[in-house]
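# Structure assessment
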Amino acid sequence: MSEDNGMNATHGETPQAPETPKDPQAPETPGVPEPSRELLESRDSVKAALEAVLMVVDEPVAEEALAAVVGLPTPTVRELLHELAREYDGYTKEGGTVPVRGFELRQLAGGWRFYSRAAYSEIVSAFVVDGQTARLTQAALETLAVIAYRQPVTRARVSAIRGVNVDSVVRTLAQRGLVEEVGTDPVSGAFLYRTTAYFLERLGMGSVDELPQIAPHLPGLENLQDFDDSHF
């Protein structure tokens, strides 16, 4: 007499445990290191993590990229970003009000980034102008020259020409009002930079067409004109 063990398994086969259904909203490859997961256990801690990431970026970051780094679904991160933006604008999720911050979180060019609030533009401008008394370093001069002669140009292209990372240098030049963003590259989506009217004013020129040959002034960039856009 055979015994029925209630498992209905075919003789000789080991029954398989049912698979756990996958959460369709869960990111496929969470990007949070294991030691950091304990920092993301609450809603407020996730918002703090998003602030920390946004504080170090120079260009708008897509919601998907932020969602991957904190290991949460994109809709959840989107909701938290809008919540942060409202808080900086002086509103709380309970409907109350708090002091408006001097910066704002804006969604622009397919991503999110911090910007100083327009109401304080004169104060920010005064600070930037005060910082222009210091002379530019050789690295800043060379980066400015590449932008002047290749504009409009992306930071990645400037880095490729100079052979070094120029993110901080371009940021300094922008703070001094010598270069500015002018749209995005149609292929990569990266910001394009050009020189400003203030740059021409400081040089006593009416247009970039009046710029002199670069080689005699900045050794190391003699072959700048040999770089073709198709190389990048």
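Read on for an overview of the structure. No experiment lies behind these values; they were computed from the predicted model shown.

## What to know about the overall build of the protein chain
- In terms of helices and strands, the protein chain carries 8 helices and 5 strands.
- Overall, the protein chain shows an N-to-C arrangement of helices and strands of α-α-α-β-β-α-α-β-α-α-β-β-α.
- Of the contacts formed within the protein chain by residues at least 6 apart in sequence, a portion of 53% connects residues at least 24 apart.
- Of the roughly 15200 Å² of accessible surface on the protein chain, 52% is carried by carbon and sulfur atoms.

## With respect to the nonpolar core
- Formed by 19 residues in total, the largest nonpolar core has its most connected members in L144, I147, V158, L173, V179, Y193 and F199.
- Take this core: its biggest share by element is 5 residues, from helix α5 (residues 138–150).
- Dropping the residues within four chain positions of it, L144 is found in contact with L136, L173, L178, V179, T195 and F199.
- If you look at the next biggest cluster of nonpolar residues, it comprises 16 residues, including A67, V70, V77 and L105.

## Focus: the sheet that holds strand β4 (residues 179–184)
- Read from one edge of the open sheet, 3 strands run β3-β5-β4, paired in antiparallel fashion. Strands with a single pairing partner mark the edges of an open sheet, and in this sheet they are β3 (153–154) and β4.
- Both β3 and strand β5 (residues 191–195) contribute to a ladder of 2 bridges, which runs antiparallel. Across the sheet, T154 pairs through a bridge with L192, a residue of β5.
- Sheet strands in contact with α5 are β3, β4 and β5, and its direction is about 95° off that of β5.

## Topic: the pattern of salt bridges
- One pass over the full model with this rule turns up 13 salt bridges.
- E83 is the salt-bridge partner of K47, the closest N and O atoms lying 2.7 Å from each other. Of the two residues, K47 sits in helix α1 (residues 43–54) while E83 sits in helix α3 (residues 74–88), which places them 36 residues apart along the sequence.
- Measuring nitrogen to oxygen at the nearest pair gives 3.1 Å for the salt bridge that ties R117 to D89. Taken together, the positions of R117 in the loop between β2 (111–116) and α4 (121–130) and D89 in the loop between α3 and β1 (103–108) put the pair 28 residues apart, joining distant regions of the chain.
- Through salt bridges with shared partners, a single network forms among R43, K47, E79, E83 and E87.

## Structural notes on α1
- Counted at 1.5 Å a residue, the expected span for α1 with its 12 residues is 16 Å, and the 17 Å between its end C-alpha atoms agrees.
- Of the surrounding secondary structure, the elements contacted by the buried residues of α1 are α2 (63–70), α3, β1 and β2.

## Describing the packing of aromatic side chains
- Scanning the entire structure with this criterion turns up 3 aromatic pairs.
- With a centroid separation of 5.3 Å and an interplanar angle of 85°, the aromatic rings of F103 and F114 are classed as edge-to-face. You can see F103 sitting in strand β1 and its partner F114 sitting in strand β2, a full 11 residues away along the chain.
- With relative accessibility at 26%, the residue F103 sits in the partly exposed group.
- Taking relative accessible area as the criterion, F114 reaches 14% and is therefore assigned buried.
- A network of ring pairs unites the aromatic residues Y88, F103 and F114 as a single cluster.

## A closer look at the side chain of T195
- Within the secondary structure, T195 sits in strand β5.
- A distance of 2.9 Å separates polar atoms of two side chains, one belonging to T195 and the other to Q151.
- With residues up to four places along the chain from it excluded, the contact list for T195 reads L144, I147, A148, Q151, L178, V179, E180 and V208.

## Remarks on the environment of Y115
- Within the secondary structure layout, Y115 lies in strand β2.
- Taking the C-alpha atoms as reference, Y115 lies 5.5 Å from F103; in sequence the two are 12 residues apart.
- Residues within four places of Y115 in sequence aside, it is in contact with P60, F103, E104, R106 and L108.

## A few points about the pairing of β1
- Strand direction decides the pairing type here: β1 and β2, joined by 6 bridges, are antiparallel. From the neighbouring strand, L108 faces β2, where its bridge partner is G111.
- In this structure, the hairpin formed by β1 and β2 is closed by a connection of 2 residues, where A109 is found at a positive phi of approximately 55°.

Conventions we followed
- Counting restarts for each chain, with residues numbered from 1 along the sequence as it is written.
- For this predicted model, a pLDDT threshold of at least 70 governs which residues receive local features, and a threshold of 80 or more governs which side-chain atom pairs are given and counted, while totals over whole chains, interfaces and linings are taken from all residues.
- To get the side-chain values, take all heavy atoms of the structure and skip hydrogens and water.
- Numbering goes from the N terminus for both helices and strands, where a helix is a DSSP run of H or I of at least four residues and a strand is a run of E of at least two.
- Contacts were defined at the residue level, with two residues in contact if any of their heavy atoms lie within 4.5 Å.
- Per-residue accessibility takes into account occlusion by the displayed protein chains alone, with areas from the Shrake-Rupley method and a 1.4 Å probe.
- We define a nonpolar core as any set of buried Ala, Val, Leu, Ile, Met, Phe, Trp, Tyr and Cys residues linked to one another through side-chain atoms lying within 4.5 Å.
- Relative accessibility under 20% of the residue-type maximum defines a buried residue, over 50% an exposed one, and the middle range a partly exposed one, all with a 1.4 Å probe and only protein chains included.
- Any two strands with at least two DSSP-identified bridges between them are counted as paired.
- Helix axes use the C-alpha atoms of the stretch in contact, all axes being lines fitted to C-alpha atoms, and the angles between their N-to-C directions lie in the range 0 to 180 degrees.
- Each salt bridge in this description consists of a side-chain nitrogen of Lys or Arg and a carboxyl oxygen of Asp or Glu lying within 4 Å of one another.
- Helices are assigned an expected span. That span is 1.5 Å times one less than the residue count.
- For Phe, Tyr and Trp, rings pair up if their centres lie within 6.5 Å, where Trp contributes its six-membered ring, and each pair is then called stacked (planes under 30 degrees apart), edge-to-face (over 60) or tilted (otherwise).
- Pairs of N or O atoms are called polar contacts if they sit within 3.5 Å, as long as, within protein, a hydrogen donor faces a hydrogen acceptor (for residues adjacent in sequence, only side-chain-to-side-chain pairs).

None of the figures reported here should be taken as evidence of function without further support.
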